[in-house]
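Residues per chain, in single letters:
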Amino acid sequence: MGIATLAMCLCYATDVNSAPNTTPNKPTAAATAADTTTAADNAKDAKLAAAADSANLLEAATDTVSSLDAEEITPEESGGFHRVLKQKFVEGGASFMSFVAIALVLGLAFCIERIIYLSLSEIDAKKFMREIDAKIEAGDIEGAKTQCRETRGPVASICYQGLLRIDTSLEDIERSVAAYGTVQAANLEKGCSWITLFIAMAPSLGFLGTVIGMVMAFEQIQLAGDINPTIVAAGMKVALITTIFGIIVALILQLFYNYILSKVDHLTSQMEESAITLLDSILKYKK
């Protein structure tokens with residue numbers, strides 16, 4: 001019986017010693033679960049952060065591509081000066097702006113024709129008159145006439161007319177040279193009246209376009225029954241564009257016209273000096 005009692009004590013002691021070993025295992029499992037949850041949360045946060053970074057990178061790339069596309073498209077849409085000019089021409093009313101364009105084309109045609117004619121009429125008048133004077137002084141009248149015929153320009157023409165009447169009185173020669181000089185001066189100014197006409201027409205057409213644009217604006221306001229800034233702006237835009245184009249055309253033609261007048265004045269002065277030199281040479285020859 002003592003042995004049985006001893007065995008029971010040993011079993012009780014064994015159970016008491018083993019109890020502390022099983023109790024601490026419960027907190028370890030909970031800690032493991034907490035660690036697992038924390039790791040999962042960290043992984044989820046990392047995925048969310050990565051997704052946010054990817055979204056930011058995608059948005060930045062999209063903005064960059066959009067800006068590059070805008071930079072590439074803008075020059076194509078804006079075009080050059082001729083495209084802008086064409087757009088403004090259409091906005092001003094192509095049917096009406098055509099009259100302004102016709103005035104510009106015809107005016108430039110007359111200007112170019114006059115410039116070419118006057119440029120071909122210019123010679124070295126002083127050198128030419130020295131040669132004519134030398135031939136007259138030497139008595140070679142036919143040689144002087146031949147040189148006048150072979151030389152272009154009004155200076156040579158009036159000298160030829162004076163040499164044709166070298167056997168007449170000096171007064172007759174002077175009247176002939178003066179009369180033919182007037183004819184040559186008129187030839188130099190030939191076509192200039194048309195240039196002045198187009199210079200006057202261009203701004204007048206522009207102002208007419210202004211009035212027409214304003215009338216269109218008031219008609220649209222009347223139809224709409226309300227003063228809409230868009231309607232008023234459209235009509236005034238047409239009016240201002242036509243006025244601008246008309247003034248620009250007039251300025252361009254005026255510049256060419258003034259250049260032509262300067263060349264005409266230069267040739268006229270050459271003719272007057274040459275006529276005086278010719279009369280002096282003929283006077284010496286007659287003496």
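The rules we used
Residues numbered from 1 in each chain as written. Predicted model: local features only at pLDDT ≥ 70, side-chain atom pairs only at ≥ 80, totals over all residues. Heavy atoms only, no water. Helix = DSSP H or I, 4+ residues; strand = E, 2+ residues; numbered from the N terminus. Contact = heavy atoms within 4.5 Å. Phe/Tyr/Trp six-rings, centres within 6.5 Å; stacked < 30°, edge-to-face > 60°. Buried < 20%, exposed > 50% of the residue type's maximum accessible area, 1.4 Å probe, protein only. Salt bridge = Lys/Arg side-chain N within 4 Å of Asp/Glu carboxyl O. Polar contact = N/O pair within 3.5 Å; in protein donor to acceptor, adjacent residues only side chain to side chain. Axes fitted to C-alpha atoms, helices over the stretch in contact; angles between N-to-C directions. Parallel < 35°, antiparallel > 145°, perpendicular 65-115°, else oblique. Left-handed = near helix turned anticlockwise from the far one by under 90°. Nonpolar A, V, L, I, M, F, W, Y, C, P; charged D, E, K, R; others polar. Core = buried A, V, L, I, M, F, W, Y, C linked by side-chain atoms within 4.5 Å. Expected span 1.5 Å × (residues − 1). Arc of directions from axis to C-beta.

Student: Would you mind going over the side chain of Lys 263 in detail, with residue names and values included?
Tutor: Within the secondary structure, Lys 263 is located in helix α10 (residues 229–286). Among residues more than four places away in sequence, those in contact with Lys 263 are Ile 115, Leu 118, Ser 119 and Glu 122.

Student: Please give an account of the packing of aromatic side chains that cites residues and values.
Tutor: If you walk through the whole model with that rule in mind, you get 2 aromatic pairs. The interplanar angle of 10 degrees and the centroid separation of 6.0 Å between the aromatic rings of Phe 110 and Trp 194 together place this pair among those described as stacked. Taken as a pair, Phe 110 in helix α4 (residues 94–121) and Trp 194 in helix α9 (residues 192–224) lie far apart in primary sequence, 84 residues in all. On the accessibility criterion, Trp 194 (45% relative accessible area) is partly exposed.

Student: Please provide a residue-by-residue account of the pattern of salt bridges, values included.
Tutor: Pairs can form between side chains of opposite charge once their charged atoms are near each other. Counted by the stated rule, this structure contains 4 salt bridges. The partner of Glu 142 in a salt bridge is Lys 145, and the shortest N-O contact between them spans 3.8 Å. Note that Glu 142 and Lys 145 are positioned in helix α6 (residues 141–150) at a spacing of 3 residues, about one turn of the helix.

Student: Outline α6, listing residues and values.
Tutor: Residues of α6 that are buried include every one of Ile 141, Gly 143, Ala 144, Lys 145, Gln 147 and Cys 148, and no others. Two to three positions downstream of the cap, the backbone nitrogen of Gly 143 sits 2.9 Å from a side-chain oxygen, assigning the N-cap of α6 to Asp 140.

Student: Kindly report on the packing of helix α5 (residues 125–137) against α6, identifying the contributing residues and their values.
Tutor: For the pair α5 and α6, the least separation of the axes is 8 Å and the interaxial angle reads 155 degrees. Comparing their axes, α6 and α5 come out roughly antiparallel. When the axes of α5 and α6 are compared, the crossing they make is left-handed. Of α6, the residues touching α5 (which contributes Phe 128, Glu 131, Ile 132, Lys 135 and Ile 136) are Ile 141, Gly 143, Ala 144, Gln 147 and Cys 148. Residue composition of the contact of α5 with α6, by class: 6 nonpolar, 2 polar and 2 charged.

Student: Quick one: what's the story with the nonpolar core, residue by residue and with numbers?
Tutor: Note on soluble globular proteins: their nonpolar side chains tend to be buried together. Formed by 43 residues in total, the largest nonpolar core has its most connected members in Phe 128, Ile 132, Ile 136, Leu 163, Ile 260 and Leu 278. Looking at this core element by element, the count peaks at 14 residues for α10. Once you skip the residues sitting within four places of it in the chain, Leu 278 turns out to touch Met 129, Ile 132, Ile 136, Ile 158, Cys 159, Gly 162, Leu 163 and Val 177.

Student: Mind laying out α5, listing which residues take part and the relevant values?
Tutor: In an α-helix, one turn spans 3.6 residues, which is why side chains three or four residues apart end up on the same side. Between its terminal C-alpha atoms α5 stretches 18 Å, which fits the 18 Å expected from 13 residues at 1.5 Å a residue. Turning to α5, its buried residues number three or more, namely Ala 125, Phe 128, Met 129, Ile 132 and Ile 136. Viewed end-on, α5 has its buried residues packed into an arc of 95 degrees, placing them on one side of the element. Exposed residues lying more than 90 degrees from the buried face of α5 are Lys 126, Arg 130 and Glu 137. Just beyond α5, the residue with positive phi is Gly 139, at close to 85 degrees.

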